[in-house]
Amino acid sequence: MSSNPLPFSIAYAADASGTTASISEILKNQQADGGWKKDYAETKGEWAKSTIDNKATYTEIRRLASEFKKTQNTKYSDAAIKGIEFLLNMQYDNGGWPQIYKASGYHRHITYNDDAMINVMILLDEVANKKGDFSFVNNALADKSRKAVEKGVKCILNTQVKVNGKLTAWGQQHDSSSLKPAGARAFEVPSLSSKESVTIVKFLKTRKSTSEISSAIKAAEDWFKAVKLTGIRIDKSGGDVKVVKDPSAAPIWARFYEIGTNKPIFVGRDGVVKYNLSEIEKERRTGYAWYGNWPASLVK
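Residues numbered from 1 in each chain as written. Predicted model: local features only at pLDDT ≥ 70, side-chain atom pairs only at ≥ 80, totals over all residues. Heavy atoms only, no water.

Novice: Honestly, the side chain of Glu196 in this entry has me stumped. Any pointers?
Specialist: Position of Glu196 among the secondary structure elements: in helix 6 (residues 194–204). Polar contacts involving the side chain of Glu196 include one to the main-chain amide nitrogen of Asp114, which spans 3.0 Å. Ignoring any residue separated from it by four or fewer positions in sequence, one finds Glu196 in contact with Tyr112, Asn113, Asp114, Asp115, Gln172 and Arg255. (Helix = DSSP H or I, 4+ residues; strand = E, 2+ residues; numbered from the N terminus. Polar contact = N/O pair within 3.5 Å; in protein donor to acceptor, adjacent residues only side chain to side chain. Contact = heavy atoms within 4.5 Å.)

Okay, here's the thing in structure tokens:
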């Protein structure tokens, strides 16, 4: 598999089937539209459709391209090209990518969550430049991929949230029509997300600098500085997660911040916003990354 060309790594939740499937399974499970399901065993509902969630589709494309480079068997390059064309078809006119192709509900939102859209753009940027295992693509596909990345960057810039006329950060997902932050699962309400915003900024830093891109990066980094949390640390012990006072602790960030107030927010499966981690149920406290040091590398 090709190495990530960007100078940072990306962490994930449960990985899709394509990360561990055999090459023959990948070929067998490519869908008619060119994409892949997250779980190859799924047969009905939204998750039986092609998706970019949890490494799906762009991982299969990478593995197929790598296999073609090793074997020169065109069945692998053909499948990879079909997958790339799927990603191009999946993109909205506004430049964003949904979580699931031709889906409904929150799956239709422009999805930064778990870095899905950014990872698609990383792959298409490699295709556009014929980097790594993608030297086999033709000029037409490379050009289409370049234009898709350019549209994606415009979408990123257009979805950066303004509060009182001032640029801040991004949500986990944004409405595909209004471009405003949108909710997903009950515990993922419209908000500003520090984790996903970090990856967006790091990607923008790989683009040719323009005044708009430079302003977006600076505004987001200023926001990271403004919302950092000091004097606390997260204690994970006894089967629970607690916030503990610690004056010597390194700065951390909440996953989600309330738009307009910049207050850290925490939400249980009831969908009710709380301002203290201890106020949501234990299952959600321990089952989600509510705090992290994601912006630490950007905030010196």
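Novice: What is the right way to read the environment of Glu212 from this model?
Specialist: With respect to the helices and strands, Glu212 occurs in helix 7 (residues 211–227). Linking Glu212 and Leu157, residues 55 residues apart in sequence, is a C-alpha distance of 7.7 Å.

Novice: Explain the nonpolar core here, please?
Specialist: Nonpolar side chains in soluble globular proteins tend to be buried together. Among the nonpolar cores identified, the biggest contains 82 residues, and Ile84, Trp97 and Ile156 are the most heavily contacted of them. When residues in this core are grouped by element, the largest group, 9 residues, is from helix 4 (residues 116–128). (Core = buried A, V, L, I, M, F, W, Y, C linked by side-chain atoms within 4.5 Å. Buried < 20%, exposed > 50% of the residue type's maximum accessible area, 1.4 Å probe, protein only.)

Novice: So what exactly am I meant to see when it comes to helix 2 (residues 58–71) here?
Specialist: Each α-helix turn comprises 3.6 residues. Residues three or four places apart therefore point the same way. If you check helix 2, its first and last C-alpha atoms are 20 Å apart, about what 14 residues at 1.5 Å a residue would give, namely 20 Å. With 11 of 14 residues buried, helix 2 is to be regarded as a mostly interior element. Taken together, the buried positions of helix 2 are Tyr58, Thr59, Glu60, Ile61, Arg62, Arg63, Leu64, Ala65, Ser66, Glu67 and Phe68. Where helix 2 is buried, its residues contact helix 1 (23–29), helix 3 (74–90) and helix 4. (Expected span 1.5 Å × (residues − 1).)

Novice: Got a minute to help me understand helix 4 in this structure?
Specialist: An ideal rise of 1.5 Å per residue puts 18 Å on 13 residues; helix 4 measures up with 18 Å between its terminal C-alpha atoms. Counting buried positions along helix 4 gives 13 out of 13 residues, so the element sits mostly inside the fold. Positive phi shows up at Lys130, right after helix 4, with a value of about 50 degrees.

Novice: Just to check I follow, could you spell out the packing of helix 5 (residues 139–159) against helix 6 for this structure?
Specialist: For any two helices packed against each other, the geometry is given by the interaxial angle and the distance between the axes. Contact geometry for helix 5 and helix 6: axes closest at 12 Å, N-to-C directions at 130 degrees. It follows from the interaxial angle that helix 5 and helix 6 lie oblique. Relative to helix 6, helix 5 is oriented so that their crossing is left-handed. Across the interface between the two elements, Val149, Val153 and Ile156 from helix 5 touch Ile200, Phe203 and Leu204 from helix 6. Residues of the contact of helix 5 with helix 6, tallied by class, amount to 6 nonpolar, no polar and no charged. (Axes fitted to C-alpha atoms, helices over the stretch in contact; angles between N-to-C directions. Parallel < 35°, antiparallel > 145°, perpendicular 65-115°, else oblique. Left-handed = near helix turned anticlockwise from the far one by under 90°. Nonpolar A, V, L, I, M, F, W, Y, C, P; charged D, E, K, R; others polar.)

Novice: Teacher, can you tell me more about the environment of Thr74 here?
Specialist: Of note, Thr74 is situated in helix 3. According to the relative accessible area criterion, Thr74 is partly exposed, its value standing at 47%. Here the alpha-carbon distance between Thr74 and Leu64, two residues 10 residues apart in the chain, equals 10.0 Å.

Novice: What's the story with the packing of aromatic side chains in this structure? I'm lost.
Specialist: Think of a pair of aromatic rings as described by two things: how far the centres are apart, and how the planes are tilted against each other in angle. Taken as a whole, this structure holds 11 aromatic pairs when the rule is applied. Taken together, a centroid distance of 5.3 Å and an interplanar angle of 75 degrees make the contact between Phe187 and Tyr288 edge-to-face. Here Tyr288 lies in the loop between helix 8 (282–286) and strand 12 (291–292) and Phe187 lies in the loop between strand 4 (173–174) and strand 5 (192–193), a separation of 101 residues in the sequence. When sorted by exposure, Phe187 lands in the same class as Tyr288, which is buried. Ring pairs connect the aromatic residues Phe187, Phe256, Phe266, Tyr288, Trp290 and Tyr291, which therefore count as one cluster. We note Arg255 situated over the ring of Trp294; from NZ or CZ to the ring centre the distance is 5.9 Å. Above the ring of Tyr275, the side-chain terminus of Lys263 is found at 5.1 Å from the ring centroid. (Phe/Tyr/Trp six-rings, centres within 6.5 Å; stacked < 30°, edge-to-face > 60°. Lys NZ or Arg CZ within 6 Å of the ring centre and 35° of its normal.)

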